[in-house]
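Coordinates in review
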Amino acid sequence: MTAASFDYDWIIVGSGFGGSVSALRLSEKGYRVAVLEAGRRYEDHEYAESTWQLRRWLWAPSLGLRGIFRLTPFKDIFIASGTAVGGGSAVYANTLYRAKPAFFENPQWKGLADWAAELAPHYDTAERMLGVQRVPFASDAQDLLKATAAHFGVEHTFTRTPVGVFFGKAGEEVPDPYFGGEGPPRTGCTRCGSCMVGCRDGAKNTLLKNYLWFAEKKGARVLAEHGVVDVRPLGAADGGDGYQVTTERPGAWLAKGRRTFTARGVVFAAGALGTAELLASLKHGGSLPRISNRLGELVRSNSESILALTLPDDARKPWADVAISASIHPDADTHIELCTYGKYGDAIALLQAPMTGNGSRLTRPLMLLWQFVRHPVRSIGTLWPVGWSKRSLIILVMQSSDNAMAFRARRRWFGRGVTIGTEQDAEKPNPTFIPMANAAAEFLARHTGGVAQSSVLEAAANIPTTAHILGGAVIGADATRGVIDRDHRVFGYQNMLICDGAAMPANPGVNPSLTITALAERAMGQVPPRA
């Protein structure tokens, strides 16, 4: 096929941080670009007003729920992720840190580049595009975090977070303040705390406000509710003659709206989980059999533990904030943040349970039962969701430790095709309990008179929760070490890239969105302009 006979030069699967960067930079280079996104497109006013509006908040398309928040349980991990045009930016907590130094020195990719130096200018670009600035105000949640830092003797590590939020006059719309008037109008943050439910004010710098905005102005076409189900080469087995990409409407039972597109090249950017599911299906289903057998290895959870604190009364206003406004480091490896879902995130209470300590899949359920026996009123009270969000904070703990698990392809129990499961790394398993996380939660409960909680699957089944699943199609020296090379090119195929969290070879130890963006910027810099 000639270039003119393809529907597009590049098709991008997913519209999150990596996909949006790819869409803009490829469009700037003169390519005809399509972005295929499984999720729905939301205008600011269309986001859910509360987490009880499940059709607009929760992603379960087979049940008719096409919101922005996806929950996926596995044997070894419970994953929270985002699905919408703009990917995770619709539901994430705006927090944009650079990775810790250990990330750049991980042996999986250390010898392939001086990553800290090479990514530095791309971090600068990502921060400019995403409108990063430090939170400019104090809050009750910050006071609690300062007290926690003092308790552990690390007051000097307290810092307000770098975030992608427009802090203009609260509730007032102004012309684009970021791109010389070329971007969309913006509205000042109202400190409602609902960033992770969906910012209805237009203050959050989602990808629709920057990368995707300009990609569409450059001619990129974004197709919402187009879930990719197949990618296969046209002609040459290595994709040198281009690719055929097939989509269906996610969750459709009958009228699937099946469509087929062709392109010279494909960028996979469906998020670490979405890319893992799709590539496993393509490799083991025969469409892309040349993908490295390392697919699914070195899956990271950012070594996270997610807990919660419910305050005893309304004296404090933990919701009057952005989602995450500060952080501390109780030790060199551990990063702690307090998060809010605002006043209308009560459904999150159903993901919490009375806190349990270290144990196994046998002992932790018994510990949970013992909490109900010892403290029946308090424990049952934590299960009541009404009013929970305006009195509660999520305690998010991340580490840069070198631990991992794997995604394993397996045949579906029902129907045809392949799905994925998980398996712990035999030598460096992902932790199911982080002592520092429980210690911080216990201190905050004592300090406030509140109640500490574990994530429900961690307490009941010893399965940790992460909001930052990474890896599974990582950078490596060759196909025996990774799935993609240092420039994100898939081993065994031409004109095929992976530009999302799946490419990350290590735990960054902080919120990963900025690093995913910087890596995608670097990868796009290696693609030549259209001839």
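Cut-offs applied
- Residues numbered from 1 in each chain as written.
- Predicted model: local features only at pLDDT ≥ 70, side-chain atom pairs only at ≥ 80, totals over all residues.
- Heavy atoms only, no water.
- Helix = DSSP H or I, 4+ residues; strand = E, 2+ residues; numbered from the N terminus.
- Rg over C-alpha atoms; globule rule 2.2 N^0.38 Å.
- Contact = heavy atoms within 4.5 Å.
- Areas by Shrake-Rupley, 256 points an atom, 1.4 Å probe, with all protein chains shown as cover.
- Lys, Arg positive; Asp, Glu negative; His and termini not counted.
- Charge placed at Lys NZ, Arg CZ, Asp CG, Glu CD.
- Pairing = 2+ DSSP bridges.
- Axes fitted to C-alpha atoms, helices over the stretch in contact; angles between N-to-C directions.
- Expected span 1.5 Å × (residues − 1).
- Buried < 20%, exposed > 50% of the residue type's maximum accessible area, 1.4 Å probe, protein only.
- Core = buried A, V, L, I, M, F, W, Y, C linked by side-chain atoms within 4.5 Å.
- Polar contact = N/O pair within 3.5 Å; in protein donor to acceptor, adjacent residues only side chain to side chain.
- Left-handed = near helix turned anticlockwise from the far one by under 90°.
- Nonpolar A, V, L, I, M, F, W, Y, C, P; charged D, E, K, R; others polar.
- Salt bridge = Lys/Arg side-chain N within 4 Å of Asp/Glu carboxyl O.
- Parallel < 35°, antiparallel > 145°, perpendicular 65-115°, else oblique.

1. Focus: the overall build of the chain
Along its length, the chain carries 12 helices and 27 strands. Taken over C-alpha atoms, the radius of gyration comes to 22 Å for the chain, in line with the 24 Å a tight globule of 531 residues would show. Looking at the chain alone, contacts between residues at least 24 apart form 73% of all its contacts between residues at least 6 apart. Within the structure as shown, the chain displays about 19900 Å² of accessible surface, and the carbon and sulfur contribution to it stands at 55%. Positive and negative side-chain charges of the chain, numbering 57 and 49 respectively, have mean locations separated by a distance of 4 Å.

2. Things to note about the sheet that holds strand β18 (residues 324–331)
Strand order in this open sheet of seven strands is β8-β18-β19-β21-β17-β24-β20, and the pairing throughout is antiparallel. Each edge of the open sheet is held by one strand with a lone partner, namely β8 (159–160) and β20 (352–354). Strand direction decides the pairing type here: strand β17 (residues 305–310) and strand β21 (residues 392–399), joined by six bridges, are antiparallel. Looking across to β21, one finds that Leu309 is bridged to Leu393. The sheet contacts of helix α5 (residues 140–151) involve β8, β18, β19 (334–339) and β21, and relative to β18 the element is tilted by about 5°.

3. Some remarks on helix α4 (residues 115–130)
Compared with the 22 Å implied by 1.5 Å per residue over 16 residues, the 21 Å span of α4 between its first and last C-alpha is a close match. Among the residues of α4, Trp115, Leu119, Tyr123, Ala126, Met129 and Leu130 are the ones counted as buried. Turning to α4, the residues buried within the fold contact α1 (17–28), α3 (101–104), α6 (211–217) and α12 (513–525).

4. Section: the nonpolar core
Counting residues in each nonpolar core, the largest one holds 91 residues, and the members touching the most others are Leu26, Val231, Phe268, Leu288, Phe407 and Ile498. Every residue in contact with Phe407, bar those within four places of it in the chain, is listed here: Phe74, Ile79, Ala272, Leu273, Ala276, Leu295, Gly296, Val299, Ile420, Gly421, Thr422 and Ile469. In terms of nonpolar packing, the next biggest core, distinct from the first, is built from 38 residues, Ala90, Phe167, Cys195 and Trp388 among them.

5. With respect to the environment of Asn302
Checked against the element boundaries, Asn302 lands in the loop between β16 (299–300) and β17. For the pair Asn302 and Met398, spaced 96 residues apart in sequence, the C-alpha separation works out to 6.0 Å. The contacts of Asn302, once residues within four sequence positions are left out, are Met398, Gln399, His468, Asn507, Pro508, Gly509, Val510, Asn511 and Pro512. At a separation of 3.0 Å, a polar atom in the side chain of Asn302 contacts the main-chain amide nitrogen of Gly509.

6. Focus on the packing of α5 against helix α10 (residues 435–448)
Between α5 and α10, whose axes approach to 10 Å, the crossing angle comes to 115°. Regarding α5 and α10, the two cross each other, and that crossing is right-handed. Contacts between α5 and α10 involve Leu144, Ala147, Thr148 and His151 on the former and, on the latter, Ala440, Phe443, Leu444, Arg446, His447 and Thr448. Counted by class, the contact of α5 with α10 contains five nonpolar, four polar and one charged residues.

7. Quick notes on the pattern of salt bridges
Tallied over the entire structure, the rule returns 30 salt bridges. In this structure, Arg32 and Asp9 form a salt bridge, with 3.2 Å as the shortest nitrogen-oxygen distance. Of this pair, Arg32 sits in the loop between α1 and β2 (33–36) while Asp9 is found in strand β1 (residues 8–13), placing the two residues 23 residues apart along the sequence. In this structure Asp9 comes out as buried when scored by relative accessible area, which is 5%. In this structure, the salt-bridge partner of Lys217 is Glu182, at a minimum N-O distance of 3.6 Å. Taken together, the residues span a long stretch of sequence, with Lys217 in helix α6 and Glu182 in the loop between β10 (173–174) and β11 (186–187) at a distance of 35 residues. Residues participating in the shared-partner salt-bridge network are Glu118, Asp485, Arg486, Asp487, Arg489 and Arg522.

8. Focus on the pairing of strand β23 (residues 418–424)
Taken together, the seven bridges between strand β22 (residues 405–411) and β23 define a ladder with antiparallel strand orientation. Across the sheet, residue Arg408 finds its bridge partner in β23, namely Gly421. Where β22 folds back onto β23 in an antiparallel hairpin, the turn is made up of six residues, including Gly415, whose phi is positive at roughly 80°.

9. Regarding the packing of α1 against α12
Here α1 crosses α12 at 30°, and the two axes come no closer than 8 Å. Comparing the axis directions of α1 and α12 gives the class roughly parallel. Every pair of crossing elements has a handedness; the one defined by α1 and α12 is right-handed. Contacts between α1 and α12 involve Phe17, Gly18, Val21, Ser22, Arg25 and Leu26 from the former and Ser513, Ile516, Thr517, Ala520, Glu521 and Met524 from the latter. Looking at the contact of α1 with α12 residue by residue, the classes come out as six nonpolar, four polar and two charged.

No statement about biological role is implied by the geometric values presented.
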